Each structure stands twice: as structure tokens, then as C-alpha cells.
Amino acid sequence: MRPLRLRLDNFGSFREPVTADFSDVEYFVLVGPTGAGKSTLIDAICFALYGTVPRWGSQNVIAHALAPSAIAAKVALVFETAGRRYAVVRALKRDAKGKVHTAEARLDELDPAVPADAELDDLLEAVIAPVAEGAAVTAEVQRITGLEYRFFTQCVVLPQGRFAEFLHAQPRERQDLLVQLLDADVYERIRQRAVQDGNVATQAAGFARERLARLTDADEAAERAATAGLAALRTLDEQVRGELEALRTSDEQIARLSEEREVTKGRLAALTALAMPRQAPTLAENAREAAKEVAARTADAEAADAAEQRAEDELAALDDPGLLMGELKELEEHERVVTELREAETRAAKTRAALEPLAAEARACEAALAGAKQDRDRLRDAHAGAELARRLVVGQECPACLRPVEHLPHHPEAAGLREAERRVKARETESERARTRHTEAETQTRHWEQTARELAARLQSTVEESTAARAETTQEQPASDAAAAASDDAAAVSDDAAAGFGGAGVAFDRAGVEERLAADRAAVEERLAGVRGAERRAARLRQAARDARTRLTAARNDADELTGRTDRLWRDLETARDTVVPLGAPPLERADLHDAWTGLLAWRDEAAVRERSELTAQDERVTEAKRRAGRTWSDVVSRLSAHGVDVPDDAPAARLGELLVAAIARAQAHLARVRENCATARELDERAAAEEERARVAKELAQCLRADAFERWLCTEALDLLVTAASGILRELSDGQYELALGGRNEIEVIDHAEAGMRRNARTLSGGETFQAALALALALSDQVAGLSATAARSLDSLFLDEGFGSLDPAALDTVATTLERLAGGRERMVGVITHVPALADRIPVRFEVWRDAKGSHLCRTTT
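What you see is a predicted model, and the numbers here were worked out from it, not measured in a lab. (Residues numbered from 1 in each chain as written. Predicted model: local features only at pLDDT ≥ 70, side-chain atom pairs only at ≥ 80, totals over all residues. Heavy atoms only, no water.)

### Some points on the sheet that holds strand β7 (residues 127-133)
Note: strands within a sheet are paired through backbone hydrogen bonds, in either parallel or antiparallel orientation.
At step 1: An order of β2-β1-β4-β5-β6-β7 is seen for the 6 strands of this open sheet, with the pairing classed as antiparallel. What marks the edges here is a single partner per strand, and that holds for β2 (18-21) and β7. For this sheet, the mean inter-axis angle between neighbouring strands, taken without regard to orientation, is 15°.
At step 2: For strand β6 (residues 100-110) and β7, the ladder comprises 5 bridges, and the chain directions are antiparallel. Counterpart to L107 in the pairing with β7 is A132. (Pairing = 2+ DSSP bridges. Helix = DSSP H or I, 4+ residues; strand = E, 2+ residues; numbered from the N terminus. Axes fitted to C-alpha atoms, helices over the stretch in contact; angles between N-to-C directions.)

Structure representation (C-alpha cells):
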């Protein structure tokens, strides 16, 4: 993992946004006063990758990442590993209760084509694909960097005060780290693949052996037997070839004789198929009867058509039923208006009669209200006087008469004023209700009077319109008479309307109008009944005419059917004669169908006798030819059966040769199959042996790579190389006093040459000596891990050292500085140092200065 860009916003002591650019840095130092925030930058890298920081203690503690006065914080890290670029972003927020939560965590793969020194936002926007979000980010970081958090803090980031963790770790813990760094899992995958391949090879060998066991006819004896059988069949083929030719000749003769016999049978069948149809004797008489029926039905149809036309003419001379129905609806409308007018008159009279009692009631309520108000006013005065008398003092001036009071008046106890007030309110309510009822009655009276006038005017208008319409449609009545009648009807309605309701100006002579309406209705219904009767008579005659035409059509169809049937029978006779014309059938006489059929059938009987005699002679010749061929067939079949050729009982002569050829082909195929089985058996045996050898090799490889042996050996060898390299570095740092070595249980021991090469546990070293030993191990681990990795995919691209250099003497410090410069000089690894030692800081080319004020920590890059 090699960082390119780091951004902090409200993280730890950095309360303002700060960006650290490592894109062009190989070797740098973080300097500044104690507590300025140097270690916070390394913490930010750890937090961005794994969501925690070593010096926070527990890995699930994140509250320390947020500045105390901040409510949100964010860290973004752009880094490269294994030739690919990634960006990891983590954001925190503080809720209303002061608890810190993770608001965002994401890991994206970035486009490496964007220049590493581009703006941070440009780098973050160049996303190729999202990799992980939320809780999955840490696991994905461990996968792409190849390091868990606990190992990352032992070989990439060496936190302040924790340099010695790898030095003092238990052998099992160091082995876990080495397994991950060396990608030793690849050997476990190889072992698993070897086990899998061994199982597959064992299974393949078993399958080959099973197939070999199931394989039959796969030896030399089977091949010799198949060769001998094929030779015998070929000899038989040469021996029976002449007999088979004779059988084929006999079959051809029998087929020819059978064909001649079938021709004779066909001629005889054609003669016996001639038969006179059942209808032929009576068909002519039926046709004559059908012609007479057509003539009678034609006369009936003409008479029915004439009667139908007369009824239609009579119906056309009568009134239009549609107009009569219209007049009837108009009369019903007049009656309805008269009924509504009668109802309106009744309601108007009823409401008018109720007006006077309601007016009297209203006046009585008004009088009662006035009396109640007088009683209330009198009680008010009495109460006011009693109240005034209660406040009078003898000798003082009276407020009412303005004279001195000589003696106090006595007022009797007055009645209740509240009761008088309630009575007034009750009388007001009753008076208001009485006035409302009287007003409603007046309104209803005016409404019904107005409704009666509107209905009278509407009746007058409809009567005038209907009368005028009848006058226009009545042909018998002159136009002047019709107009006069309409004027009389309208005048009658108008006169009736002008005399009703007294002063309201609405009246109606109901009896006269209803009498005229009843008379008009009876006349219209009578005319409509006449029209309906004429319609029913016309419908009956119309149906009778249709029935007559239907019977005529049926008679004509019957006559046509008989004519067509006669023609078809003649055609059938000609077709039947055509079938026997080659046999000498006589010509037909078309005078009578029955006579023609009788003559043809007489000839048929004579010809059938001749054909039957010829058929008997042909049957005898076919029987003799089959008897001779059967003897030859039996001899050939017995010889074929002796050689194992199955012959069906009904096999023809041509089939015998085919069976023999098929038997020879089967013998050839059997021989080829036996030879193929022999080759397959040899191949299966060789394949089984090869698979068994492959399984044996895979089993031995799996046993060699067992995790409980190989992994321990591999880590021991790798640890031995690391300790050897670290020992050389420690020897330089300690001026030849100390070296490192592995103990009997793979624990790291120190060889002290100042004590005659005594070996002792690394935990017995002082603080400065422990730092030198831990630093030597860290430098060796960073330098050697890429060469030790099984897949060459692991490399510690970065190394961050936090403090601890103050315990070194000048010579050791110079050695450490030279070693770090060598590590960083190859441009294969980034080295970052946090130190308070000026002599070391001055030798590092890139310096990041960190200081802190009231606004928090700040960062500035300089070059030494």
C-alpha cells in the first residue's frame, strides 16, 4: 500500500481541512512540537483504511477521531497497491446525544490514467467501479492490501510506543503474520488442488477399470472365432447363388401368372358391379306428378298476391297511426295539465283559508308580548326603587327628588324580575313563530295561485296548438272550419281561466274542458282501432301470400330435383357402361331409362360366364408354379439356418439373398467390433495406469504440503531469513554488540557479544536496545517480504516510523539514517518518519512541518 493523497477535515486536532500530497514523495519526515498532531496524520491513514487507530485502544472506538467541538469529520485517502489505484473515504457525525456514528464508508477503484499530482477532487471523481460500502470496506481493504489491521500496525505503521510488538510477539502470532505476508495460502490452495486432482485421477482410473471389466469379446480367441464365421458365410454365399437365381426366376413367373389372374378378376368384378338403381322404374311417373303440382301451386300464389294487394290498398286509405298516437298523447297531456290545475286550485284555496286564523294568532301573540313587556318594565322600576331606598340615608339628599330624606320609605318585596324576563323571551319566541307561520302561509298561497295561472296559460297554449295541428291534418274538414274550431276551443279555455280564483284572476270550467277532452279521446281511439284492425287483416293476408309462395317454391324444387335425378341416373348408366366397353358392351337406347338398364344387364350375365371359366384355368397354373418354387426354397432355407441365418417363414426368394448378405455384413461388423474392443481394452489399460500414477503423485504432493507441517517449515525458513537480515542491521546499529537469533521454539533471542556471546531473551533488553532490535526487524521485514512472497504479489510499499529515535546514540542514529535512505533510495518503497531528533530530520529530503494553535493543527510541506 502506497499513499498518494490524504485529506483530513475535523479529524482529531485538525479542525480545518488539510491535504497531504505524497504523490512525488519517497522519503519524508513529520516534525513539530510535542502534541502538534504529527501522529494524527499516521492515525488518519490507519483510520481511513481500517476504521480504527492503534493508540485508541479498542478497535471499535471511533469517538476520538472527531474533534471535540466538531459535529462531523471526514478522512479521504487515495492509495495504490499491486499496480491499481483506490480511494477510501470515511465520514463521522455526532448525534444530538453526543454519540459519534459512522455516516459514510466507501471504497472505490480509481482510474490510474489520471495524473497522481492532479487535484484531489479530480482523483476522487475518476471512479472505475465501486468496490465496497459500509462495514464491508475494512474486509475489502484487507483483501486488496493483503494485510489485516493487526499486521498492518506491525510491519507498515510502527506506532509510537509499539515498536516491539513483532519482536515480543508469540511464535504463533509471528507465524500468522508471515503466512499473510508470504501469501502462504497459495500452498494450501495447491494442496487442496492436489487432493482434488488426486480424487479425480482415482475416479478416472476406477472408471477405466470398470469399463475394461465390462468389455467383452476383446481377446485373440474372440477375434479368431469372428474371422472363421465370416469365412463360412462367404463360402455359403458362393454355393447357393445359382439356386437363389432359380428362385427369383420362379417368383417372376408366379408374379406374371398372378397378375394375369388379377386382370381376369378385375374384369369379372367390373361385370358383377353393374346394378340397376332402385329409382329407375318409377322416376318418370314421379316427374309428371311434380309438374302438375307446380301448376296448382302457381295459381294459389297468384290469388294470394291479389288479396294481399287489396288489403294493403285499404290500409293505405286509412289515417296514419303515428299521427293518431300523437293526438292521443296530446290529449293525455291536456288531461294531465287539467289534473295539475285542479290540484293547484285546491292547495291555493286551502292555504288562503288558513291565512286569517294565522293572522289572528299572530295578533294575539303580539298583544301577549306587549303585556309581558309592561309587567317586566313595572318590575324593573320596583326593583330600582327598592335598591335606591336601600342606599338612602336620613338627612342626605335624595338622588331622585334632590331633597333631604326625612324618613326612609318602605317598599314591599317585588316579584321576581328574572321570571318576567323569561316570560318576555317566551312571548317573543311565540310571536316570532306565529309571524313565521303566517308569512309561510302567504308565500304558499301566492305560489299556488301563480302555479294555477301558469297551468291555465299553459293549457290554453297547448289546446290552441293541438287544435291548429288537427285542423291541418284533417282532410274531411275545411281549413276555415278547423281554424274556427281551434279558436272556439282556445276561447273556451281562456274564458274558463279568466273566471277563476276570484280576485286572483284564475278560474277554469273543468267540466266543459274534461267533456271535450273525453269526446276527442274517444274519437281518436275509435279511428286508431279501425287502423289496427286493417293492419291485422293485411298482416294475415301478407302471411298467406308468403305461405303460398313458399309452397310454390317447394313444388318447383321437387320438380327440379326429379329432373336432376333423372339426368344423374343417365350419367351413372353411361359411366357404368364405360367400365365394360373393353369387354364388348352394347350401345345404349335413350328412349327409356329402365329399358336401357335391362338390356345392359342381360349382356353382363353372358360375359360373366366366360370370365369365370378363364379364372379357373389361371388358378391351376399359379398353384403348380408355387409348388415347384416351394421345394427349392425349403432346401435353401435349411442350409442358411445351418449357418445361423434366421429366415422368416414367409420370406420370398429375393429376401433370402438379402438375409445372407446381411448375415455376412453382421459378421464383418462383429469382426470389426471385436478388433475395436481389443484396441479399446489396450487403451483403457494404459489410461488406468496413467491415472493411477497421477493419483499417486497428487497424494504425495498433498502430504508434503500439509498445513500442520509445510506451513510451519515455510514460516520457520522465512523467519530465519528475516532474523538473519535483521541481525546484520542490529549489528551495525549496536556497533557489533548485538545480533539476533532464533531459539529452539522459534522465539527471537539476542546474542550479546559484550557478554561473550551470551544468548538471552529479547525482553531483557533496555528501552533503547529494544528500539534498535525492533527497528532492525521492521527494516528487514520491509526489505525482504517481496522476495519471500510465494506469488510475488506481496510488497510492503510503505513504512511509517513514529518516534523512538531519541534513544539512539549518534553512531546508531547515523546507521539508522543510512539504512532508511537505502530503503527509500530504490524508489520501490515510501518511508515516513516522525521524530524530534534534528540530526535525523535534517538528513530527510522532504519535511512536513506540523504546528498547533487555537484553531487546531496545521500542515506545511518544505524541502531540506
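### Some details on the side chain of S258
At step 1: With respect to the helices and strands, S258 occurs in helix α9 (residues 241-272).
At step 2: Residue class for S258 comes out buried when judged on its relative accessible area of 17%. (Buried < 20%, exposed > 50% of the residue type's maximum accessible area, 1.4 Å probe, protein only.)

### Observations concerning the packing of α9 against helix α16 (residues 653-704)
At step 1: Packing of α9 against α16 brings their axes to within 8 Å, and their N-to-C directions diverge by 150°. The angle between α9 and α16 places the two elements in the roughly antiparallel class. Contacts from L244, L247, R248 and D251 in α9 reach A653, A654, L656 and G657 in α16.
At step 2: Per-class residue counts for the contact of α9 with α16 are 5 nonpolar, 1 polar and 2 charged. (Parallel < 35°, antiparallel > 145°, perpendicular 65-115°, else oblique. Contact = heavy atoms within 4.5 Å. Nonpolar A, V, L, I, M, F, W, Y, C, P; charged D, E, K, R; others polar.)

### Quick word on the pattern of salt bridges
At step 1: Applying the stated rule across the entire model yields 51 salt bridges.
At step 2: Of the charged contacts in the structure, one is a salt bridge between E312 and R542, with a shortest N-O distance of 2.4 Å. Linking E312 in helix α10 (residues 283-317) with R542 in helix α14 (residues 510-580), this pair joins segments that are 230 residues apart in sequence.
At step 3: Residue class for R542 comes out partly exposed when judged on its relative accessible area of 26%.
At step 4: Put simply, E749 and R759 hold a salt bridge, and the shortest N to O gap is 3.1 Å. With E749 in strand β10 (residues 748-752) and R759 in strand β11 (residues 758-761), this pair connects stretches of sequence that are 10 residues apart.
At step 5: Residues joined in a network through salt bridges with shared partners are R376, D377, R380 and E421. (Salt bridge = Lys/Arg side-chain N within 4 Å of Asp/Glu carboxyl O.)

### Observations regarding the environment of A539
At step 1: Tracing the chain through its elements places A539 in helix α14.
At step 2: Taking the C-alpha atoms as reference points, A539 and E308, 231 residues apart in sequence, are found 8.5 Å from one another.

### Describing the side chain of R2
At step 1: Note on placement: R2 falls in strand β1 (residues 2-9).
At step 2: Take R2: its relative accessible area is 14%, and that puts it in the buried class.
At step 3: In terms of polar contacts, R2 uses its side chain to reach the side chain of E26, at 2.4 Å. (Polar contact = N/O pair within 3.5 Å; in protein donor to acceptor, adjacent residues only side chain to side chain.)

### Points about the sheet that holds β10
At step 1: Strand order in the open sheet made by the 3 strands is β9-β10-β11, with antiparallel pairing throughout. Here the strands that pair on one side only, and so sit at the sheet edges, are β9 (738-742) and β11. Each neighbouring strand pair of the sheet contributes to a mean axis angle of 35°, computed without reference to strand direction.
At step 2: Summarising the sheet, β9 and β10 pair through 5 bridges and their orientation is antiparallel. Counterpart to A741 in the pairing with β10 is E749.

### Some words on the packing of aromatic side chains
At step 1: All chains considered together, the criterion is met by 6 aromatic pairs.
At step 2: Arranged with centres 6.2 Å apart and planes meeting at 55°, the rings of F28 and F800 form a pair that is tilted. One end of the pair, F28, is in strand β3 (residues 27-31); the other, F800, is in strand β12 (residues 798-802), and 772 residues separate them in sequence.
At step 3: Measuring from ring centre to ring centre gives 5.8 Å for F79 and Y86, while their planes differ by 25°; the resulting arrangement is stacked. Grouping residues by exposure puts F79 and Y86 together as buried. (Phe/Tyr/Trp six-rings, centres within 6.5 Å; stacked < 30°, edge-to-face > 60°.)

### Some remarks on a negative patch on the surface
At step 1: On the surface, a cluster of negative charge is contributed by E119, D121, D122 and E125.
At step 2: Examined against the element boundaries, D121 turns out to sit in helix α2 (residues 120-125). (Patch = residues over 30% accessible without salt bridge, like charges linked within 9 Å, V, L, I, M, F, W, Y side chains within 5 Å. Areas by Shrake-Rupley, 256 points an atom, 1.4 Å probe, with all protein chains shown as cover. Lys, Arg positive; Asp, Glu negative; His and termini not counted. Charge placed at Lys NZ, Arg CZ, Asp CG, Glu CD.)

### Some remarks on the nonpolar core
At step 1: By size, the foremost hydrophobic cluster in this structure holds 54 residues, and its most contacted members are L6, F28, F47, L49, F79, L107 and F152.
At step 2: Grouped together as the second largest cluster of nonpolar side chains are 38 residues, V31, A726, L775 and L801 included. (Core = buried A, V, L, I, M, F, W, Y, C linked by side-chain atoms within 4.5 Å.)

### Concerning the confidence of the model for the protein
At step 1: Per-residue confidence for the protein gives a mean pLDDT of 79; residues scoring 70 or more make up 85%.
At step 2: Counted against residues more than four places away or in other chains, residues 475-508, with its pLDDT under 50, gives 58 contacts.
At step 3: Confidence over residues 789-794 falls short of pLDDT 50; this stretch has 16 contacts with residues more than four positions distant or in other chains. (pLDDT = per-residue confidence, 0-100.)

### Focus: the pairing of β3
At step 1: Across the 5 residues that make up β3, a large majority, 5, are buried.
At step 2: Alternating positions in β3 separate into two faces, Y27, V29 and V31 on one and F28 and L30 on the other, with burial throughout.
At step 3: Strand direction decides the pairing type here: β3 and strand β13 (residues 830-834), joined by 4 bridges, are parallel. Within β13, the residue paired with V29 across the bridge is V833.
At step 4: Inspection of the sheet shows β3 paired to strand β14 (residues 846-853) by 4 bridges, in the parallel sense. What sits directly across from F28, in β14, is V846.

### Quick word on unusual backbone geometry
At step 1: Its identity is not glycine, yet N10 carries a phi of approximately 65°, on the positive side.
At step 2: The phi angle at L402 is positive, at roughly 60°, despite the residue not being glycine.
At step 3: Relative to the elements of secondary structure, L402 occurs in the loop between α11 (321-391) and α12 (417-473).
At step 4: Judged by relative accessible area, L402 falls into the exposed class, the value being 55%.

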